[in-house]
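# Analysis of the macromolecular model
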Amino acid sequence: AINCAALPENLLESELFGYVKGAFTGAHASKIGLFKAADGGTLFLDEISEMPPSLQVKLLRALQEREFIPLGSTRSVTFDARLIAATNRNLEEEIQSQRFREDLFYRLSVFSLTVPPLRERREDVPLLVRYFVEKYCRGLNLPPKRVSDEAMQAMINYEWRGNVRELQNAIERSVTLSDDQIEIVHLPQKVREATPVTHDLTGHTLTLDELEKRYIMETLTRVHEI
């Protein structure tokens, strides 16, 4: 996996396609690159929309030909890897703005998945909260912590404009600040002050148990329909 937004263009190119010894100053040994390292496996390109246009051209050729030329080399290297790309931008809008190549978009979008923002799938919040609480407790060598109903409801109500990453950061903070149980006071202020938005048809704010029950029933219904 590599984040295309985290590296400058020249470094990103060498990370993806590798280079041969002497290709540039400091290249004291050859490097195979991630495309070849993923041979027989999967390469995940995160934030693909941030890839520079000049590098998009080289990526397109690599995908079409299943081969590439490392920096400083004259020989092609073949590879056989599954490619997964992700972005938080609308690539069709990026194409219209000439920031993303249309031919690369169609080469990548053989099979597309659209993940709705977290605010549109609030039933996932309790599952993600429990996952991140367990993760950070384990990472900090802490005993498992509970989450109060009030804190959980606040997280369900919040919009999470930063999606899962924002939720993850809030949980890391809460695990660090809390004792045996995460309370609403341990959450960021903007989360604590979130306006309730989870209601049933009568306008009643759903409790955590009610929300979980509804989520389970909806999941069972979808599975039965499939």
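Treat the numbers as computed from the prediction; the structure is a model and nothing was measured.

## Digging into the overall build of the protein
- Looking only at helices and strands, the protein has 10 helices and seven strands in total.
- Its C-alpha atoms put the protein at 65 × 40 × 35 Å along the principal axes.
- Intrachain contacts of the protein at a sequence separation of at least 6 include 65% that bridge at least 24 residues.
- Per element, the accessible surface of the protein, about 14,000 Å² overall, is 51% carbon and sulfur.
- With 28 positive and 34 negative side-chain charges, the protein shows a spacing of 6 Å between the two charge centroids.

## A few points about the sheet that holds strand E1 (residues 2–3)
- Strand order in the open sheet formed by three strands is E1-E2-E5, and the pairing between neighbours is parallel. For this open sheet the edge positions go to E1 and strand E5 (82–85), each flanked by a neighbour on one side alone.
- In the sheet, E1 pairs with strand E2 (residues 42–46) via two bridges, with the strands oriented parallel. Among the inter-strand pairings, isoleucine 2 is bridged to a residue of E2, identified as leucine 45.

## Considerations on unusual backbone geometry
- Here the phi dihedral of tryptophan 160 falls at roughly 50°; this positive angle occurs in a residue that is not glycine.
- Within the secondary structure layout, tryptophan 160 lies in the loop between helix H7 (149–157) and helix H8 (163–177).

Analysis parameters
- Residues numbered from 1 in each chain as written.
- Predicted model: local features only at pLDDT ≥ 70, side-chain atom pairs only at ≥ 80, totals over all residues.
- Heavy atoms only, no water.
- Helix = DSSP H or I, 4+ residues; strand = E, 2+ residues; numbered from the N terminus.
- Contact = heavy atoms within 4.5 Å.
- Areas by Shrake-Rupley, 256 points an atom, 1.4 Å probe, with all protein chains shown as cover.
- Lys, Arg positive; Asp, Glu negative; His and termini not counted.
- Charge placed at Lys NZ, Arg CZ, Asp CG, Glu CD.
- Pairing = 2+ DSSP bridges.

Read these as layout, nothing more, since geometry by itself doesn't imply function.
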